[in-house]
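Notes for the structure review
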Amino acid sequence: MSRTLTPKIFCRMKTAMALAAACALLMAAPSALQARVVTVAGSTVNVRQGASTDTVAVSKVNLGQIFGCCGAEANWTKIKLENGNLGYIRNDLLMGYDGLQVTGSLVRVRQTPSLSGAILTKIQKGTVLTVLDHQNGWFKVQFPGGVGWVSGEYSKLVSPVVLKSTETSTGAAGNGNALVPGEDAGTSDHSPAESGVAPTTEEISADTGSGILSGKIVVVDPGHSNTSSYGAVDPGTTGVISGIKEKDINLDISLKLRVLLESMGATVIMTHTGETSMTLYDRAAVANDAHADLFISIHSNSAAKQSYAGHTTYFFAPLNNALLAAQRDSRLRAAQTVQAALVKAGGRANLGIKENNYVVIRETVCPSILVEAAFLSNPDEDLLLSSGAYRYRLAQGLANGIRQFLSAS
Ligand SMILES: [Zn+2]
């Protein structure tokens with residue numbers, strides 16, 4: 001499942017600051033869950049002039065090279081090349097990231113991407129920041145209080161993002177940035193053996209307790225998607241400020257959780273990875289067919305009152321259902337353990353565990369929970385859920401809770 005990348009390969013970029021400013025403008029209104037930094041996921045990949053294989057290849061890039069993103073169009077991501085030009089790479093040949101973890105003990109954040117840049121602040125080891133851009137081996141990050149640059153020598157990309165097709169063009173095409181065709185214009189784009197969205201395990205911090213969950217099977221169910229069991233598309237709720245669809249948030253947290261659980265040795269089965277028309281019963285059946293040890297369905301909450309906020313975990317084990325009642329202690333403990341870890345990681349109000357008759361946690365024959373990560377209807381939590389670094393924190397909390405539950409059972 002995992003791919004070996006070499007994040008320490010950095011390109012030399014002579015990008016003018018003016019171009020970075022232009023990119024910052026283009027990034028002012030990113031589409032939902034669009035990565036700001038990508039790594040190349042194929043051995044040799046064409047960079048094209050436009051978002052189509054019909055356009056000329058302006059350059060070739062290699063596995064592991066890192067680029068800042070300037071936009072997205074259809075199924076393509078627009079990147080800044082080493083020479084400052086812009087070009088497009090197909091999404092399935094890239095891995096997107098929106099988090100940067102500090103690996104040095106106290107890492108300086110500088111005003112410019114250079115060792116001579118003024119020091120803005122120092123960041124503790126292990127902290128995950130939202131990553132905004134990449135240039136000359138430096139990452140642009142958001143830190144509490146501002147924006148600055150962190151050296152790639154003391155940080156690593158974490159928090160993989162699903163690079164999704166944009167529903168509408170960003171309008172970035174034809175913005176006057178002339179592209180110079182390269183001398184070697186290949187005719188076909190390299191296709192990797194695996195999907196480019198498969199996250200690596202390399203980005204995960206070493207403190208995940210490698211192997212502790214070996215032999216355990218966890219089914220992760222990203223809530224919603226294009227579920228059309230009744231002929232209707234079901235994206236779930238929508239962010240009150242961001243407009244982000246719940247299905248995208250749920251999927252991204254789920255994929256991050258998968259990487260973390262796999263790094264602990266678990267076998268992770270996703271009920272789907274984005275496009276599905278499976279019913280709620282189908283989702284439960286995935287866990288039943290796999291003889292899973294735990295089923296977790298991930299959702300984001302919504303309420304009529306914008307003030308409602310916090311983390312919730314649901315379980316279901318009524319006394320009139322012999323199978324579920326026999327698991328009551330175990331189901332209760334799964335919900336309690338994961339909820340506690342979720343609250344610790346997410347830092348929002350603890351709304352506690354609740355019992356409810358949801359299909360996916362009723363029809364699963366193994367212990368099962370449904371998590372409402374936070375409220376997309378609450379402006380503060382909408383903004384948090386819109387941050388990849390925050391989604392990664394939630395995934396870490398869920399992984400920690402699952403580890404505690406499964407290693408004790
Ligand atoms: Zn939902």
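On a predicted model such as this, the values are computed, not experimentally measured, just so you know. (Residues numbered from 1 in each chain as written. Predicted model: local features only at pLDDT ≥ 70, side-chain atom pairs only at ≥ 80, totals over all residues.)

**Some remarks on the overall build of the protein**
Worth spelling out the cut-off: Think of it this way: any DSSP run of H or I at least four residues long counts as a helix, any run of E at least two long counts as a strand, and we number them from the N terminus. Neighbour density around each residue's C-beta defines its exposure: 20 or more other C-beta atoms within 10 Å make it buried, 12 or fewer make it exposed, and counts between make it partly exposed, where C-beta atoms are placed from the backbone. Residues are defined as contacting one another if the C-beta atoms placed from their backbone atoms lie within 7 Å.
A tally of regular secondary structure across the protein gives eight helices and 19 strands. Buried residues in the protein amount to 50% of all 409 residues. Here the analysis covers contacts within the protein between residues at least 6 apart in sequence; of these, 76% occur between residues at least 24 apart.

**As for the sheet that holds strand β14 (residues 217-222)**
Just so we agree on the cut-off: One requirement defines pairing of two strands: DSSP has to find at least two bridges between them. Angles here are taken between N-to-C directions and fall from 0 to 180 degrees, while the axes themselves are lines fitted to C-alpha atoms, restricted in helices to the stretch in contact.
Spatially, β15-β14-β16-β19-β17-β18 is the arrangement adopted by the six strands of the open sheet, whose pairing is mixed. In this open sheet, the two strands that pair with only one neighbour each are β15 (267-270) and β18 (350-355). If you compare each strand with its neighbour and ignore which way they point, the axes differ by 20° on average. Here strand β16 (residues 294-301) pairs with strand β19 (residues 368-375) via six bridges, running parallel. Bridge pairing links asparagine 301 to phenylalanine 375 in β19. Of the strands in this sheet, β14, β15, β16 and β19 touch helix α3 (residues 280-290), which is tilted by about 170° from β14.

**Re the nonpolar core**
Our working definition: Joining buried Ala, Val, Leu, Ile, Met, Phe, Trp, Tyr and Cys residues through C-beta atoms within 7 Å gives a set, and that set is a nonpolar core. Note that the domain bounds were set by an automatic or database domain assignment.
Val218, Leu261, Leu294, Val338, Ile369, Leu398 and Ile402 are the most contacted members of the largest nonpolar core, which totals 102 residues. Two domains each provide a minimum of three residues to this core, namely domain 1 (17-161) and domain 2 (206-407). Among all residues touching leucine 261, those that are not within four sequence positions of it are Leu213, Val218, Ala266, Val268, Ala399 and Ile402.

**Focus on unusual backbone geometry**
Even without glycine at this site, asparagine 136 takes up a positive phi of about 50°. In this structure, histidine 224 takes a positive phi of about 75° despite not being glycine. Note that histidine 224 resides in the loop between β14 and α2 (246-263). Looking at histidine 224, the number of C-beta atoms within 10 Å reads 23, which means it is buried.

**Some details on helix α8 (residues 388-407)**
Applicable threshold: For a helix, the expected span equals 1.5 Å multiplied by the number of residues minus one.
The end-to-end C-alpha separation of α8 is 28 Å, in line with the 28 Å expected for 20 residues at 1.5 Å each. Burial analysis of α8 places 18 of its 20 residues in the buried class, the great majority of the element.

**Overview of the pairing of strand β5 (residues 76-80)**
Looking along a regular strand, one sees side chains alternate from face to face of the sheet. In terms of burial, β5 is a largely internal element, five of the five residues being buried. Residues Trp76, Lys78 and Lys80 point to one face of β5 and Thr77 and Ile79 to the other, with burial holding for every one of them. As paired strands, strand β4 (residues 66-73) and β5 are joined by four bridges and run antiparallel to one another. Paired with alanine 72 across the two strands is threonine 77, which belongs to β5. Once β4 ends, the chain turns through two residues before running back antiparallel as β5, passing alanine 74 with a positive phi of about 50°.

**Some thoughts on the confidence of the model for the protein**
Keep this limit in mind: Residue-level confidence of the predictor is summarised by pLDDT, bounded by 0 at the bottom and 100 at the top.
On average, residues of the protein carry a pLDDT of 80, and 78% of them reach 70 or more. The low-confidence segment residues 1-32, where pLDDT is below 50, has 58 contacts with residues more than four positions distant or belonging to other chains. Here residues 167-207 scores under 50 on pLDDT; set against residues more than four positions off or in separate chains, the count is 79 contacts.

**Considerations on the packing of α2 against α8**
The relative placement of two packed helices comes down to the angle between their axes together with the axis-to-axis distance. Basically, it comes down to this: Here roughly perpendicular refers to angles of 65 to 115 degrees, roughly parallel to angles under 35, roughly antiparallel to angles over 145, and oblique to all remaining angles. For any helix crossing, the convention is left-handed if the near helix is rotated counterclockwise from the far helix by under a right angle, and right-handed if that rotation is clockwise. For this classification, Asp, Glu, Lys and Arg are treated as charged, while Ala, Val, Leu, Ile, Met, Phe, Trp, Tyr, Cys and Pro are nonpolar and the rest, including Gly, are polar.
The contact between α2 and α8 brings their axes to 8 Å, and the two run at 50°. Here α2 is positioned oblique relative to α8, judged by the angle of their axes. α2 and α8 meet at a crossing whose hand is right-handed. For the pair α2 and α8, contact is made by Ile249, Asp252, Ile253, Lys256, Leu257, Leu260 and Leu261 and by Arg391, Tyr392, Leu394, Ala395, Gln396, Leu398, Ala399 and Ile402, respectively. Residue composition of the contact of α2 with α8, grouped by class: eleven nonpolar, one polar and three charged.

**Structural notes on the packing of helix α5 (residues 328-346) against α8**
The contact between α5 and α8 brings their axes to 7 Å, and the two run at 145°. Crossing angle aside, the handedness with which α5 passes α8 is right-handed. Across the interface between the two elements, Arg333, Ala334, Thr337, Val338, Ala340, Ala341, Leu342, Lys344, Ala345 and Gly346 from α5 touch Arg393, Leu394, Gln396, Gly397, Leu398, Asn400, Gly401, Ile402, Gln404 and Phe405 from α8. Here the contact of α5 with α8 is built from residues that sort into ten nonpolar, seven polar and three charged.

**Examining α5**
Taking 1.5 Å of rise per residue, 19 residues should cover 27 Å, and α5 covers 26 Å from first to last C-alpha, within 8% of that figure. Every buried residue belonging to α5 is among Arg331, Ala334, Ala335, Thr337, Val338, Gln339, Ala341, Leu342, Val343, Ala345 and Gly346, and all of these are buried. Buried residues belonging to α5 abut β16, β17 (311-315), β18, β19 and α8. Note on α5: the residue one or two positions beyond its end, glycine 347, has a positive phi of about 75°.

**Focus: the environment of valine 360**
Residue placement: valine 360 occurs in helix α6 (residues 359-362). In this structure valine 360 comes out as buried when scored by C-beta crowding, with 27 C-beta atoms within 10 Å. Each residue touching valine 360, except ones within four places of it in the same chain, is listed here: Asp221, Leu280, Arg283, Ala284, Ser297, Ser368 and Leu370.

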